[in-house]
Amino acid sequence: MLNIVLFGPPGAGKGTQSQKLIDKYHLVHLSTGDLLRSQIAEKTELGLKAQEYMNKGELVPDAVVIGMIADKIKSNSNAKGFIFDGFPRTVAQAAALDTMLKENGTAISGMVALEVDEEELTKRIILRGQTAVPPRPDDQDETLVRKRVSEYNTKTKPVADFYAGQGKFASIYGIGEIEEIFGQICNVVDKLPK
Ligand code: ADP
């Protein structure tokens, strides 16, 4: 199986590049942000709980997102591989993911991190806030955007070291043409163990 973690701060381009990777490598896309937003739209108990955190720009508790991903891994046992987008976002989530994949006889092939500076990120998120359909309230409030970037810096960045420690980390400069960045991601992905 080809299991990729696409990593980077909010607004780095994970969603855009995930879509292109899915088309090329026929992977199942697991985006915790998308999964949480659909729970919110359906007004489930999980969605209502998650919304309280998302409205504050904070991470949703580990147990909530880990449970959600565990269900998806189980229900896609025939997948050629997964692309994890927006997950894992804490070291505890990364450790739980390793365990889940091991139980299914597989592992993370590699992490690809998109590097984008904070000024460009803020610009992109504010633009997304003005144009996204359906609207994303968390992209429309500058205080929330800043809080998300600070959550990323304190809680999520250490996840890169977790994978670097396993020799599974690669980094790509995320500013430029979408196709050019995609080409560089593919160069990394094509060298990963399947
Ligand atoms: P972005 O990467 O632009 O912040 P996402 O759609 O990935 O957008 O996430 C939106 C929000 O959903 C986050 O700010 C956070 O509150 C919550 N969230 C998404 N994924 C996770 C996760 N793995 N762990 C905890 N919270 C998460």
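These lines cover the structure that appears in this document, whether it is placed above or below. Treat the numbers as computed from the prediction; the structure is a model and nothing was measured. (Residues numbered from 1 in each chain as written. Predicted model: local features only at pLDDT ≥ 70, side-chain atom pairs only at ≥ 80, totals over all residues. Heavy atoms only, no water.)

### Comments concerning the sheet that holds strand S4 (residues 110-115)
Threshold: Pairing between two strands requires that DSSP report at least two bridges joining them. To qualify as a helix, a DSSP run of H or I must reach at least 4 residues; to qualify as a strand, a run of E must reach at least 2; elements of each kind are numbered from the N terminus. Simply put, an axis is a line fit to the C-alpha atoms, just over the touching stretch for a helix, and the angle between two N-to-C directions goes from 0 to 180 degrees. Any two residues whose heavy atoms approach within 4.5 Å are treated as being in contact.
Across the sheet, five strands lie side by side as S2-S3-S1-S4-S5; this open sheet has parallel pairing. Because the sheet does not close on itself, it has two edges, and the strands there are strand S2 (28-31) and strand S5 (169-173). Within the sheet, the average angular offset between the axes of one strand and its neighbour, ignoring direction, is 20 degrees. In this sheet, S4 lies alongside strand S1 (residues 4-7) in parallel orientation, the contact comprising four bridges. What sits directly across from Leu-6, in S4, is Val-112. Against the sheet, helix H2 (residues 32-41) engages S2 and strand S3 (82-85), with an angle of about 70 degrees to S2. Running at roughly 165 degrees to S3, helix H4 (residues 62-75) makes contact with S2 and S3 of the sheet.

### Details of the nonpolar core
Heads up, the rule is: Among the buried residues, those of types Ala, Val, Leu, Ile, Met, Phe, Trp, Tyr and Cys that are joined through side-chain atoms within 4.5 Å form a nonpolar core. The rule is simple: take the accessible area with a 1.4 Å probe, protein chains only, and divide by the maximum for that residue type; under 20% is buried, over 50% is exposed, in between is partly exposed.
In this structure, Ile-69, Ile-73, Phe-84, Phe-87, Leu-97, Met-100 and Tyr-163 are the most contacted members of the largest nonpolar core, which totals 32 residues. Of all the secondary-structure elements, those providing two or more residues to this core are S1, H2, helix H3 (45-54), H4, S3, helix H5 (91-103), S4 and helix H8 (158-164). Looking at this core element by element, the count peaks at seven residues for H4. Contact partners of Leu-97, with chain neighbours within four places excluded, come to Ile-69, Ile-73, Phe-84, Phe-87, Pro-88, Ile-108 and Tyr-163. Judged by nonpolar contacts, the second largest core, of 20 residues, contains Ile-4, Ala-12, Ile-83 and Ile-185.

### Considerations on the side chain of Gln-17
Our working rule: A 3.5 Å cut-off defines polar contacts: any pair of N or O atoms within that distance qualifies, except that in protein one atom must be a possible hydrogen donor and the other a possible acceptor, and neighbouring residues in sequence count only when both atoms are side-chain atoms.
Residue placement: Gln-17 occurs in helix H1 (residues 14-25). Residue classification places Gln-17 among the buried positions, given a relative accessible area of 3%. At 3.3 Å, the side chain of Gln-17 and the backbone oxygen of Ile-178 are in polar contact. Excluding residues that lie within four positions of it along the chain, Gln-17 makes contacts with Leu-6, Leu-114, Ile-178, Ile-181, Phe-182 and Ile-185.

So yeah, pure geometry; function would need other evidence.
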